[in-house]
Amino acid sequence: MKQAVLSFFRGGGSALPGYRLALAATLLWTGFFIVLPLCALVIRPWQDGVGAMLAATRDTRMFAALWTSFSSAFLAALFNLPLGLLLAWALVRGDLPGRRVADALIDLPLALPTAVSGITLATLYGPQGWIGAPLARLGLVVAYSRTGIVLALMFVGLPFVVRTVEPVLKNLPRDLEEAALLLGARPWQVVTRVIIAPLLPALVTGFGLAFARGVGEYGSVIFIAGNQPFKSEIAPLLIVVRLQEFDYAGATAIALILLLTSLLALVLVSAVRRRLSVWGDAG
Amino acid sequence: MRRYALWAATWGLIALVLLMPPAVVVAEALKNGLAPALASFSDPDGQAAIWLTLEVTVVSVLLNTVFGVLAAWVLTKYRFSGRSALLVLVELPLSISPVVSGLVWLLLFGAQGWWGPALERAGVHIAFAVPGIMLATVFVTLPYVVRTLVPLMEQQGRDAEEAAMLAGAGFWNILWRVTLPGARVALFSGILLTTARAMGEFGAVSVVSGHIPGLTETMPLHIESLYNGYQTVAAFTMAALLAGMAMMAVLLRSAPEYLARWKEKQA
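Every value quoted in this text rests on a predicted model; they were computed, and no experiment measured them.

Cut-offs and rules
Residues numbered from 1 in each chain as written. Chains lettered and ligands numbered in written order. Predicted model: local features only at pLDDT ≥ 70, side-chain atom pairs only at ≥ 80, totals over all residues. Helix = DSSP H or I, 4+ residues; strand = E, 2+ residues; numbered from the N terminus. Buried ≥ 20, exposed ≤ 12 C-beta atoms within 10 Å, placed from the backbone. Contact = placed C-beta atoms within 7 Å. UniProt positions renumbered as here; feature names shortened; annotations may be inferred. Nonpolar A, V, L, I, M, F, W, Y, C, P; charged D, E, K, R; others polar. Core = buried A, V, L, I, M, F, W, Y, C linked by C-beta atoms within 7 Å. Domains from an automatic or database assignment. Axes fitted to C-alpha atoms, helices over the stretch in contact; angles between N-to-C directions. Parallel < 35°, antiparallel > 145°, perpendicular 65-115°, else oblique. Left-handed = near helix turned anticlockwise from the far one by under 90°. pLDDT = per-residue confidence, 0-100.

1. Topic: the overall build of chain B
- For chain B, the helix and strand inventory stands at 15 helices and zero strands.
- Looking at the 267 residues of chain B, the share that counts as buried comes to 48%.
- In chain B, once contacts between residues fewer than 6 apart in sequence are set aside, the share between residues at least 24 apart is 74%.

2. Examining the UniProt feature "domain: ABC transmembrane type-1" (unreviewed entry) in chain A
- Using the residue numbers shown here, the UniProt feature "domain: ABC transmembrane type-1" (unreviewed entry) corresponds to residues 66–269 of chain A.
- Helix and strand shares over residues 66–269 of chain A are 78% and 0% respectively, and the end C-alpha atoms of the span are 20 Å apart.

3. What about the interface of chain A and chain B?
- Each partner contributes residues to the interface: chain A has 70 residues there, and chain B has 71 residues.
- Sorting elements by how many residues they give to the side of chain A that touches chain B places helix 2 (residues 19–43) of chain A first, with 15 residues.
- For the side of chain A that touches chain B, the per-class residue count stands at 51 nonpolar, 17 polar and two charged.

4. Digging into the UniProt feature "transmembrane region" (unreviewed entry) in chain A
- The positions UniProt marks with the feature "transmembrane region" (unreviewed entry) are residues 21–43, 63–92, 104–126, 138–162, 190–212 and 248–269 of chain A.
- End C-alpha atoms of residues 248–269 of chain A are separated by 31 Å, and the span's content is 100% helix alongside 0% strand.

5. A closer look at the nonpolar core
- Residues Leu103(B) and Ile223(B) are the most contacted members of the largest nonpolar core, which totals 164 residues.
- Per-element accounting of this core gives the leading share, 15 residues, to helix 9 (residues 146–171) of chain A.
- Residue-level mapping places this core at the junction of two domains, with at least three residues from each of domain 1 (18–48) and domain 2 (50–279) of chain A.

6. Observations regarding the packing of helix 11 (residues 184–200) of chain B against helix 14 (residues 232–252) of chain B
All names here are of chain B.
- Contact geometry of helix 11 with helix 14 gives a least axis separation of 8 Å together with a crossing angle of 165°. Relative to helix 14, the element helix 11 is oriented roughly antiparallel. Classified by chirality, the crossing of helix 14 by helix 11 is left-handed. Here Leu-192, Thr-195, Ala-196, Met-199 and Gly-200 of helix 11 lie close against helix 14, whose contacting residues are Leu-242, Met-245, Ala-246, Ala-249, Val-250 and Leu-252.

7. Details of the UniProt feature "transmembrane region" (unreviewed entry) in chain B
- In this structure's numbering, the residues bearing the UniProt feature "transmembrane region" (unreviewed entry) are residues 51–74, 86–110, 122–146, 185–212 and 232–252 of chain B.
- The straight-line gap between the two end C-alpha atoms of residues 86–110 of chain B is 28 Å; of that span, 72% is helix and 0% is strand.

8. Re the UniProt feature "domain: ABC transmembrane type-1" (unreviewed entry) in chain B
- According to UniProt, the feature "domain: ABC transmembrane type-1" (unreviewed entry) maps to residues 50–251 of chain B in the numbering used here.
- Between the C-alpha atoms that bound residues 50–251 of chain B the distance is 21 Å, and the span itself is 77% helix and 0% strand.

9. Quick notes on the domain arrangement of chain A
Residues and elements named next belong to chain A.
- Each assigned domain of chain A is listed with its residue range as follows: domain 1 (18–48) and domain 2 (50–279).
- With centres defined by C-alpha atoms, the gap from domain 1 to domain 2 works out at 30 Å.
- Counting residues at the interface gives five residues for domain 1 and nine residues for domain 2.

10. Considering the environment of Gly210(B)
All names here are of chain B.
- For Gly-210, the location among the structural elements is in the loop between helix 12 (203–209) and helix 13 (219–228).
- With 83 residues separating them in the primary sequence, Gly-210 and Ala-127 have C-alpha atoms 7.9 Å apart.
- Beyond its immediate chain neighbours, meaning those up to four positions away, Gly-210 contacts Phe-128 and Thr-216.

11. Considerations on the confidence of the model for chain B
- Residues at a pLDDT of 70 or more form 100% of chain B, whose mean pLDDT is 92.
- Within chain B, helix 7 (residues 130–141) of chain B carries the highest mean pLDDT (96), whereas helix 15 (residues 255–266) of chain B carries the lowest (86).

12. As for unusual backbone geometry
- Phi is positive for Phe246(A), which is not a glycine, with a value near 60°.
- By the element assignment, Phe246(A) lies in the loop between helix 13 (235–244) and helix 14 (248–276).
- One non-glycine residue, Tyr230(B), lies in positive phi territory at about 60°.
- Within the secondary structure, Tyr230(B) sits in the loop between helix 13 and helix 14.

13. A closer look at the environment of Val269(A)
Residue and element names in this part refer to chain A.
- Turning to its location among the elements, Val-269 is positioned in helix 14.
- When the C-alpha atoms of Val-269 and Thr-205 are compared, they prove to be 5.7 Å apart, with 64 residues separating the residues in sequence.
- Residues in contact with Val-269, not counting those within four places in the same chain, are Val-204, Thr-205 and Gly-208.

In structure tokens form, the structure reads like this:
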């Protein structure tokens, strides 16, 4: 204990100057900008009394919104797995013509400001949009519904899957599949045991990152979502609605649940990843 | 044959998912030709939004770069108890919903927040004003500089720094002349990521801004008001400018690599 305290104040294992100054600056910075606001998030809701918090947990509209956010984020991350795998495969193994351009385009959803993605996707999939209009003629309504939410979250989450699968695929020996075929494996066995199995930890990680991002996503979703309570209202939007009603306890209750879920998702991902990598993490 | 099918599927997917959105932005902005699009920039509220976005970006980048460098120094050049907790803490904003990132500042400085009422009486306005927007943006962009610097500075080790120290150099000299020159490219990349993220932040800023046109609307918020007010051309013109700026920042990150390759070719 004493040693730990000493190492904190002196900077263990290094005689370089500036430790205390830089540490003080770091603690000041993270203290004010991260610890303080998070303390407020954890403590503030209880100050309106336990009754307010209990009322918040009986709010059916909140559960509907949370369900919309979680299920949409889950589906979007799930659908992104085959798409992300295809893109990563084409980039690493496919000798894709225009590979550099494709590679740069993968990061587009991360670079595009969320408000821009939001109005753009709403226009693209809207009833008069380039994709929305032909789909509407087929009787498929995409915008202003749950489907729209899933599509927007797929757009936002795709880079996470591609970028986690890509480096692992790069490290996978190319002749592994041929060896398996020569040894008598059937094509589907090659796909599931030789390609998917070593990529599984990366796929799980990509899924988890995309899910965690999707649960809290706001800007790229609200324009296409429709935002009808109990139907197509996402949890982050309900926080905004509660704040406009000056219901701080209600807003903070949702915020806490969102925060805990995305942290839990990230912890679970690293746990699953560690388990799976025991039998095949090429990365 | 299978190869061509793979290529077609890949480029089809890329065109559908990744190429169409930017094409829509440009098409909607230029729907009535170039003149109406350019005319939308003469709107004073739009100009105010551009200026506010630049101000907020500069403040966030400066603050998070200075403190980010110091934090990366502490986290990579020393081993102390609590180091890994600090690493987790610094990356935490990445896994927090943008709306929650705005909400936390209202809990501190809002009308029903801890210090909001007292500050308000003293004439200090934070929530629904520019300082609140800055706090929220700093929070959201805090991790990027540290996160790009830490792996590189970790790799560098501290031999060079210790040699400089034995030669009599002080802390600032070591940091400025020994450590940072080696981490230039990573620092540059981190600053550009911070810039892109700060300009485009929407959810967090939306919660604390109060949406007062001309006063507390940043570019993303102004885009929202224009779009909801059916001013499609103006909304997408502003969106094209914002997206262009953000994507420029992201693409510029590979500039040092290209520059080095170009110099190699010259030599």
